[in-house]
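For reference, the chains in residue letters:
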Amino acid sequence: MKRIPVLAGNWKMNKTPAEASELARLFAKSLGTVTEAEVVLCPPYVALLAVQAAIQGTRIGLGAQNLHWEKSGAFTGEISAGMLAGWCSHVIIGHSERRQHFGETDETVNKKVIAAQKHGLIPIVCVGETLAENEAGRTAEVVRRQTLEGLKGVDAGFASQIVVAYEPVWAIGTGRASSAENAENVHRNVVRAALKDLFGSETAEAIRILYGGSVTAANAAEFFSQADIDGALVGGASLKSDEFIAIARAAAS
Ligand code: PGA
């Protein structure tokens, strides 16, 4: 089945609104008309507005890096799905940095995914094992559990729009990417297999599964040549315009 690749740039806690605007303008200029891949920029909350303005009229999508599952109320510092809906297209949920530093669990990930669904935001749901889990041979067990628990209760109709990102924690920001073969194996035999159990074959085949973890212009094409790698979630390299543009071109070709 042919799936249109997704290339999402996770800017993490980087870029002021002015800096974000400048970078987004570069991407708008060189990637704004790309149709063979869906490009999504995920700046910090405070830069969403500036990036939205910079990419207006292009095909580039706008993603937040997190949300809170409650509608509104006494949750100082949090942002709800309803606040992002209507102008953001995507939202990253359950990134390993949030699991690691901010206590996110499969349960909170699931609440956030359901909140995103309610507001029509496309979640980019992150899964991935730690180095210790990897070395203990627990990758399949951990990634399967994160996928099943994170996505349970999602409507079959909405499920095909969801994006899942397999990001082995040991590969994030380390310069030590997974091999394309290892990633393909996890995508096909763990993530897509779990998606089949949740939503059935047809829907599972439509869901885009991205690889993330030290993706660069040099290694991107090899990942994208795998049958079950449908794009990438890119951190560090998404802050460098030449790198990210080259990765996007590789995704689109
Ligand atoms: P990286 O980050 O590309 O810098 O490894 C990926 C991510 O955290 O999404």
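The next subject is the overall build of the protein chain. Within the protein chain, the regular secondary structure consists of twelve helices and eight strands. On C-alpha atoms alone, the protein chain measures out to a radius of gyration of 17 Å, which is about the 18 Å that the 2.2 N^0.38 rule sets for 253 residues. Referenced to the eigenvectors of the C-alpha coordinate spread, the extents of the protein chain come out at roughly 45 × 45 × 35 Å. Within the protein chain, buried positions represent 54% of all 253 residues. Accessible area for the protein chain stands at about 10900 Å²; split by element, carbon and sulfur atoms hold 52% of it.

Between its terminal C-alpha atoms helix H1 (residues 17-31) stretches 20 Å, which fits the 21 Å expected from 15 residues at 1.5 Å a residue. Of the residues making up H1, those classed as buried are Ala-20, Ser-21, Leu-23, Ala-24, Phe-27, Ala-28 and Leu-31. For H1, the elements touching its buried residues are strand E2 (38-42), helix H2 (48-55) and helix H12 (241-252).

Turning our eyes to something else, we now look at the nonpolar core. Nonpolar side chains tend to gather and get buried jointly when the protein is soluble and globular. Phe-27, Leu-31, Leu-41, Leu-151, Leu-195 and Phe-224 are the most contacted members of the largest nonpolar core, which has 67 residues in total. If one sorts the elements of this core by residue count, helix H9 (residues 180-199) sits on top with seven residues. Apart from the residues within four sequence positions on either side, Phe-224 is in contact with Leu-7, Ile-229, Gly-231, Ala-232, Ile-247, Ala-250 and Ala-251. If you look at the next biggest cluster of nonpolar residues, it comprises twelve residues, including Val-40, Ile-124, Cys-126 and Leu-210.

On to the side chain of Thr-139, then. Within the secondary structure, Thr-139 is located in helix H7 (residues 139-150). Note on Thr-139: relative accessible area 13%, which makes it buried. Here the side chain of Thr-139 touches Glu-129 through a polar contact of 3.4 Å, side chain to side chain. Each residue touching Thr-139, except ones within four places of it in the same chain, is listed here: Glu-129, Glu-133, Asn-134, Tyr-166 and Val-186.

Take the sheet that holds strand E7 (residues 208-212) next. Taken in spatial order, the eight strands close into a barrel running E1-E2-E3-E4-E5-E6-E7-E8, and their pairing is parallel. Along the sheet, successive strands turn relative to each other by an average axial angle of 25°, direction set aside. Two elements, strand E3 (residues 61-64) and strand E4 (residues 90-93), share two bridges in a ladder whose sense is parallel. For Gly-63, the partnering residue across the bridge sits in E4 and is His-90. Packed onto the sheet, H12 meets strand E1 (6-10), E2 and strand E8 (231-234) and runs at close to 160° relative to E1.

Near the ligand lie 13 residues; those nearest to it are Lys-12, His-95, Glu-167, Gly-173 and Ser-214. At 2.6 Å from an oxygen atom of the ligand is found a side-chain nitrogen or oxygen belonging to Glu-167. A distance of 2.7 Å separates an oxygen atom of the ligand from a polar backbone atom of Ser-214. Look at the ligand: alone it shows 280 Å² of surface, and the protein chains cover 95% of it. Split into classes, the residues belonging to the shell around the ligand amount to four nonpolar, seven polar and two charged.

Before going further, it helps to spend a moment on the pairing of E1. Counting buried residues along E1, five of its five residues qualify, which places the element largely inside the surrounding structure. What you see with E1 is no split at all: Val-6, Ala-8 and Asn-10 on one side and Leu-7 and Gly-9 on the other are buried throughout. What joins E1 to E2 is H1, and the crossover it makes is right-handed.

Here the focus is helix H5 (residues 106-118). Between the first and last C-alpha of H5 there are 18 Å, a value that for 13 residues agrees with the 18 Å anticipated at 1.5 Å per step. Immediately downstream of H5, the backbone of Gly-120 shows phi near 70°, a positive value.

Time to look at the environment of Thr-130. As for its position among the elements, Thr-130 is in the loop between strand E5 (122-127) and helix H6 (131-135). Considered as a pair, Thr-130 and Ile-209 are 79 residues apart in the sequence and their alpha carbons are 19 Å apart. Non-local contacts of Thr-130, meaning those with residues more than four positions away in its chain, are made with Val-169 and Trp-170.

Moving on: the side chain of His-95. For His-95, the position within the fold is in the loop between E4 and helix H4 (96-101). Given a relative accessible area of 4%, His-95 falls into the buried group. With residues up to four places along the chain from it excluded, the contact list for His-95 reads Asn-10, Lys-12, Cys-126, Glu-167 and Ile-172.

Thresholds, definitions, all that
Residues numbered from 1 in each chain as written. Predicted model: local features only at pLDDT ≥ 70, side-chain atom pairs only at ≥ 80, totals over all residues. Heavy atoms only, no water. Helix = DSSP H or I, 4+ residues; strand = E, 2+ residues; numbered from the N terminus. Rg over C-alpha atoms; globule rule 2.2 N^0.38 Å. Buried < 20%, exposed > 50% of the residue type's maximum accessible area, 1.4 Å probe, protein only. Areas by Shrake-Rupley, 256 points an atom, 1.4 Å probe, with all protein chains shown as cover. Expected span 1.5 Å × (residues − 1). Contact = heavy atoms within 4.5 Å. Core = buried A, V, L, I, M, F, W, Y, C linked by side-chain atoms within 4.5 Å. Polar contact = N/O pair within 3.5 Å; in protein donor to acceptor, adjacent residues only side chain to side chain. Pairing = 2+ DSSP bridges. Axes fitted to C-alpha atoms, helices over the stretch in contact; angles between N-to-C directions. Near = heavy atom within 4 Å. Nonpolar A, V, L, I, M, F, W, Y, C, P; charged D, E, K, R; others polar. Right-handed = clockwise from strand over helix to strand, strands pointing away.

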